[in-house]
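Reading the structure
Residues per chain, in single letters:
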Amino acid sequence: MPYDLGATVRLTAECQDPGGALTTAATATVTITLPGGAIVSPVAEETAPGTGRYRADYVSSVPGRHTVRWVFTGPADAYTDAYTDTFDVRPLAPPTILSLADAKRHLKMPPGRSDQDDEIRGWTESITRGIEGMCGPVVVRTVTERHHVRRAATVALQHTPVLELVSVTPVQGGGPGYAVDDLDLDPDTGVVRRLDGGTLTGLLLFTYTAGRPVVPANITAAARIIVQHLWRTGQGPGRPQIGTGDFDVTEPITGFGYAIPNRALQLLEPDRLPPGVG
């Protein structure tokens, strides 16, 4: 599961000799390659003398995929052992339609139970991405995108609904920019046009906010149904099923397979994007 930004990540690895037995290394180093390419080297320590098991603690500072590289050398450099792994760090505020508390209430988790919080958070993030793929941004966020415009009357922004156009600036120095007060924005379609009827041109950087300030009740309800369906199917046979009711998906839905129950899709229907709109 991803770590939260700013959390301490405990890294572990084992040093093995060529025969596969755990052994204390002469030297143990660990390096972490951050998403931007920078490299950090936290201190690696043996968990207890003679165990051959090592750990290092790293306080996460940037979101994204991290690559971990352990290198051990044996006595007198007679051999080396190495191990590579990865871990992910969430952004500061990952978009989620359902809060952890809301999802746990709907799953009827016992009060005070927290051992499966990370798994539930993973599902709520996945569900948000799936719903936004069908309905456009739900959680409000700032979007920046490039458009190469060749004297066009309109430009269609890629993520709708759009709340506000923040700026339109040239990517290349000396190119034309446009004041947002001189532009008209259709929030539902994301279409931008000049108020004076002129054309837009150049390699332009559009910055805008998209999403829904208040999440509609039908989208929240659909998210709850989907999280319960995915949770139940993920428990596997023979494991206790948390929650009640029939949430089985017995027939695939075109384009979505078995991931989304029909009742959830029906709730989302009023907000579904038309074909070709993202």
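Details of the structure are given in the entry above.
Some thoughts on helix α2 (residues 117-135)
- Here α2 spans 26 Å end to end across 19 residues, near enough to the 27 Å set by a 1.5 Å rise per residue.
- Listing the buried residues of α2 in full gives Asp117, Ile120, Gly122, Thr124, Ile127, Thr128, Ile131, Glu132, Met134 and Cys135.
- Where α2 ends, the next residue or the one after it, Gly136, has phi of about 85 degrees, a positive value.

Focus on the pattern of salt bridges
- This structure, assessed with the given rule, holds 13 salt bridges.
- The shortest N-O distance in the salt bridge between Asp4 and Arg90 comes to 3.8 Å. Here the residue Asp4 occupies a position in the segment before β1 (8-14), and Arg90 occupies one in the loop between β7 (80-89) and α1 (100-106), the gap between them amounting to 86 residues.
- Note that Asp115 is salt-bridged to Arg113, the shortest N-O span being 2.8 Å.
- Overlapping salt bridges, with partners in common, bring together Asp4, Arg90, Arg121 and Glu125 in one network.

A word on the sheet that holds strand β3 (residues 39-40)
- Across the sheet, four strands lie side by side as β3-β2-β6-β7; this open sheet has antiparallel pairing. Two strands close off the open sheet at either side, each with one partner strand: β3 and β7.

Let's talk about the sheet that holds strand β9 (residues 154-156)
- The strand order β9-β12-β11 describes an open sheet built from three strands, whose pairing is antiparallel. The strands lining the two open edges of the sheet, one partner per strand, are β9 and β11 (183-185). The sheet shows a mean angle of 20 degrees between the axes of neighbouring strands, direction not considered.
- Relative to strand β12 (residues 191-194), β11 runs antiparallel, the two sharing three bridges. The residue of β12 that forms the bridge with Asp184 is Arg193.

Calculation rules
Residues numbered from 1 in each chain as written. Predicted model: local features only at pLDDT ≥ 70, side-chain atom pairs only at ≥ 80, totals over all residues. Heavy atoms only, no water. Helix = DSSP H or I, 4+ residues; strand = E, 2+ residues; numbered from the N terminus. Expected span 1.5 Å × (residues − 1). Buried < 20%, exposed > 50% of the residue type's maximum accessible area, 1.4 Å probe, protein only. Salt bridge = Lys/Arg side-chain N within 4 Å of Asp/Glu carboxyl O. Pairing = 2+ DSSP bridges. Axes fitted to C-alpha atoms, helices over the stretch in contact; angles between N-to-C directions.

Remember, this is a structural readout, not a statement about activity or role.
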